[in-house]
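Coordinate analysis (summary)
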Amino acid sequence: DSPAPTTAPREWRLASRPTGWPTPENFELAESDVPELAEGQIRVRNEVLSVDPYMRGRMSAAKSYAAPYAVGEAMTGGAVGIVEESRAEGFKPGDHVLHALGWREVAVVEAKHARKVDVDAAPASAYLGVLGMTGLTAYAGLKRIADLKEGDVVFVSGAAGAVGGAVGQIAKALGASKVIGSAGSPEKVRHLTEDLGFDAAFSYRERKVSEALRELAPDGIDVYFDNVGGDHLEAAIGSLRLNGRIAVCGMISVYNDTEPAPGPRNLARLIQTRGRIQGFLVGDHYDLAGEYAERAAQWLADGSLSLRETTVDGFENAVDAFLGVLRGDNTGKMVVRL
Ligand code: NDP
């Protein structure tokens, strides 16, 4: 018989909705109520949690593509954990699963919403990052939205982050002739060119994006993968070549704004370039997941794709980790290890 746990498992709740930048006061650490399992459910002890920029949107009441978090209730997000008890066919104690009830130490999950993952093939956290949602976002955005072709010159913002780092590496693996990235510090710029194989990179905090692009891509760019919006988007439109494509994945520069931000002033350039700009959500592209998983495994094996992550230890530090993603504390996927 295993001894009864001495402390109740905990969860992070949304305490209040932020105006502008979120602060620790918007969150509350509380004991969770872990119900008995019903048929079809599994109890999972979470081992790694995902913290992502889209969660900022869910802290607001405004309806977005993901439902707002409810004030006073536990938040949700990606997590990988180990099954402790199962009342679902196909799942047994000791299995590792990916599921959507992060932000808590112990989760009772409907097994139909959980997917078994192989933690011998890759670390659990990889299924939250390069082998999971963020990797697929990069792949779908490049293949399907940006319609990446061999020889393309590609620019990606947020390049040292989870999605951006994957975009640069996958673009190279798919035959881009040149990949340029922007990020928020000289260390990140070094990481892009020295560790991730970017052809060029610059810090948007040190120079104007439009000037950097004119220098690093004097003949323009074919593809811009936007994670940031704002002046990055305007500069990319300004550098777009004939038949250029812009995949709008995220606009993190405006997520904490309290007023609508002005749009790019040079949209008319899309006419002469016959340029295309299209937003997308990874959730619409899970039909590519199998194809991506196969290619990603190969790219990991041959070194084209790296597993770089930033890990924050301790459940009590999950909020810090989340606020850190918005500030740019991470290189690669930010994960919380319990
Ligand atoms: P990241 O790992 O890229 O972390 C966010 C990064 O954004 C930070 O590390 C920071 O790096 C950068 N950043 C923060 N503020 C600014 C700013 N004002 N200007 C420029 N950069 C900034 O997160 P993800 O990879 O998870 O997400 C990247 C983007 O992709 C986000 O916009 C996210 O919302 C979007 N996304 C969209 C999906 C979709 O389906 N459309 C799915 C997944 C993600 P730095 O130090 O360089 O500033």
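Residues numbered from 1 in each chain as written. Predicted model: local features only at pLDDT ≥ 70, side-chain atom pairs only at ≥ 80, totals over all residues. Heavy atoms only, no water.

**Here we look at the side chain of D152**
We apply this condition: Comment: elements are numbered from the N terminus, with helices defined as DSSP H or I runs of at least four residues and strands as E runs of at least two. Only protein chains enter the area calculation, which uses a 1.4 Å probe; residues under 20% of their type maximum are buried, those over 50% are exposed, and those in between are partly exposed. Pairs of N or O atoms are called polar contacts if they sit within 3.5 Å, as long as, within protein, a hydrogen donor faces a hydrogen acceptor (for residues adjacent in sequence, only side-chain-to-side-chain pairs). Any pair of residues with heavy atoms lying within 4.5 Å of one another is described as a contacting pair.
Among the structural elements, D152 can be located in the loop between α2 (133-145) and β8 (153-156). Residue D152 is classed as buried on the basis of its relative accessible area, which comes to 7%. A polar contact of 2.8 Å, which involves the side chain of D152, links it to the backbone nitrogen of K149. A distance of 2.6 Å separates a polar atom in the side chain of D152 from a polar atom in the side chain of R245. Discounting chain neighbours no more than four positions away, the residues touching D152 are D147, A176, S177, K178, D222, V223 and R245.

**Notes on the pairing of strand β3 (residues 41-50)**
For the record, the criterion: One bridge is not enough; two strands pair if DSSP finds at least two bridges between them.
With seven of its 10 residues buried, β3 lies for the most part within the structure. Where β3 meets strand β6 (residues 106-110), five bridges bridge the pair, whose relative direction is antiparallel. The partner of R45 across the bridge, within β6, is V106. With seven bridges connecting them, β3 and strand β4 (residues 79-86) associate as antiparallel partners. Each bridged residue has a counterpart across the sheet, and for R43 the counterpart in β4 is E85.

**Section: the domain arrangement of the protein chain**
So the rule is basically this: An automatic or database domain assignment provides the domain bounds reported here. Throughout, buried area stands for the accessible area (probe radius 1.4 Å) lost by two parts on being put together, summed over both. A side-chain nitrogen of Lys or Arg and a carboxyl oxygen of Asp or Glu constitute a salt bridge if their distance falls within 4 Å. Three categories are distinguished: nonpolar for Ala, Val, Leu, Ile, Met, Phe, Trp, Tyr, Cys and Pro, charged for Asp, Glu, Lys and Arg, and polar for the others, with Gly belonging to the last.
When the domains of the protein chain are assigned, the result is domain 1 (10-130 + 307-337) and domain 2 (133-283). Computed over C-alpha atoms only, the centres of domain 1 and domain 2 are separated by 28 Å. Summed over both sides, the interface between domain 1 and domain 2 buries roughly 1,300 Å², with carbon and sulfur atoms accounting for 59% of that surface. For the pair domain 1 and domain 2, the interface holds zero salt bridges. The interface formed by domain 1 and domain 2 holds six residue pairs in polar contact (both at pLDDT 80 or more) in total. Looking at side-chain class alone, the side of domain 1 that touches domain 2 contains 10 nonpolar, seven polar and five charged residues.

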